[in-house]
Amino acid sequence: MQPNLVITRGTQLTVYLDNRHGTLGDLASFLGRNGVNIYGLAVAVTGEGHGHARLIVSDTEKARQLIEDSNELVAATDVLLVRADNTPGELGRVLKRMAEAEVNIEYAYVMGGPDNEKGIVLCPSDIDTALAALGA
């Protein structure tokens, strides 16, 4: 697509949690104590008393094993990790290419701030078609 756009396949962990005070903080602290850095996070309530945290982390397999060993439910999903310039319209350009390839976005979240680069996590309906459409 563009030289300032980097697209890779990544793995996201989804951790299913009770929706109560401190649960998310406990997860973040637990991973941190074990040397796992959280790069991206999206949280949602999924039902009465339950929710999930979607995580992009520094060491996916280590985090998955730690979470499983602590008897929490965790799942791994292939996602697209996009690094792009933090400029108006950049996300729209990426999504337009995927729409032209008839790829739906099941969910997405953005990581970034006012600096020059942002990270976008996309869960497409067809990851291989999405990668091809984006020239990755």
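A brief structural summary.

Definitions and cut-offs
- Residues numbered from 1 in each chain as written.
- Predicted model: local features only at pLDDT ≥ 70, side-chain atom pairs only at ≥ 80, totals over all residues.
- Heavy atoms only, no water.
- Buried < 20%, exposed > 50% of the residue type's maximum accessible area, 1.4 Å probe, protein only.
- Helix = DSSP H or I, 4+ residues; strand = E, 2+ residues; numbered from the N terminus.
- Pairing = 2+ DSSP bridges.
- Salt bridge = Lys/Arg side-chain N within 4 Å of Asp/Glu carboxyl O.

**A short note on the pairing of strand S3 (residues 50–57)**
- Here S3 lies mainly inside the structure; 7 of its 8 residues are buried.
- Bridge analysis of strand S1 (residues 6–18) against S3 gives 6 bridges, and the strand direction is antiparallel. Residue Thr14 lies in a different strand from S3, and its bridge partner there is Arg54.
- Alignment of strand S2 (residues 38–47) against S3, held across 8 bridges, turns out to be antiparallel. Following the sheet pairing, Ala42 is matched in S3 by Arg54.

**Some points on unusual backbone geometry**
- Although it is not a glycine, Asn71 sits at a positive phi angle of roughly 65°.
- If you trace the backbone, Asn71 turns up in the loop between helix H2 (60–69) and strand S4 (73–85).
- Given the relative accessible area of 71%, Asn71 is considered exposed.
- Although it is not a glycine, Glu102 adopts a positive phi angle of roughly 60°.
- Along the polypeptide, Glu102 turns up in the loop between helix H3 (90–100) and strand S5 (105–112).
- According to the relative accessible area criterion, Glu102 is exposed, its value standing at 73%.

**Regarding the pattern of salt bridges**
- Tallied over the full model, the rule gives 4 salt bridges.
- For Arg9, the salt bridge identified is with Asp78, shortest N-O distance 3.6 Å. On the criterion of sequence distance, the pair formed by Arg9 in strand S1 and Asp78 in strand S4 is long-range, its members being 69 residues apart.
- Arg9 gets classed as partly exposed once you look at its relative accessible area, which sits at 39%.
- By relative accessible area, Asp78 is classed as partly exposed at 40%.
- Measuring nitrogen to oxygen at the nearest pair gives 2.4 Å for the salt bridge that ties Arg9 to Asp128. A residue pair is termed long-range when its members are at least 10 positions apart, and Arg9 in strand S1 and Asp128 in helix H4 (residues 127–133) qualify at 119 residues.
- Several salt bridges converge on common partners, so that one network encompasses Arg9, Asp78 and Asp128.

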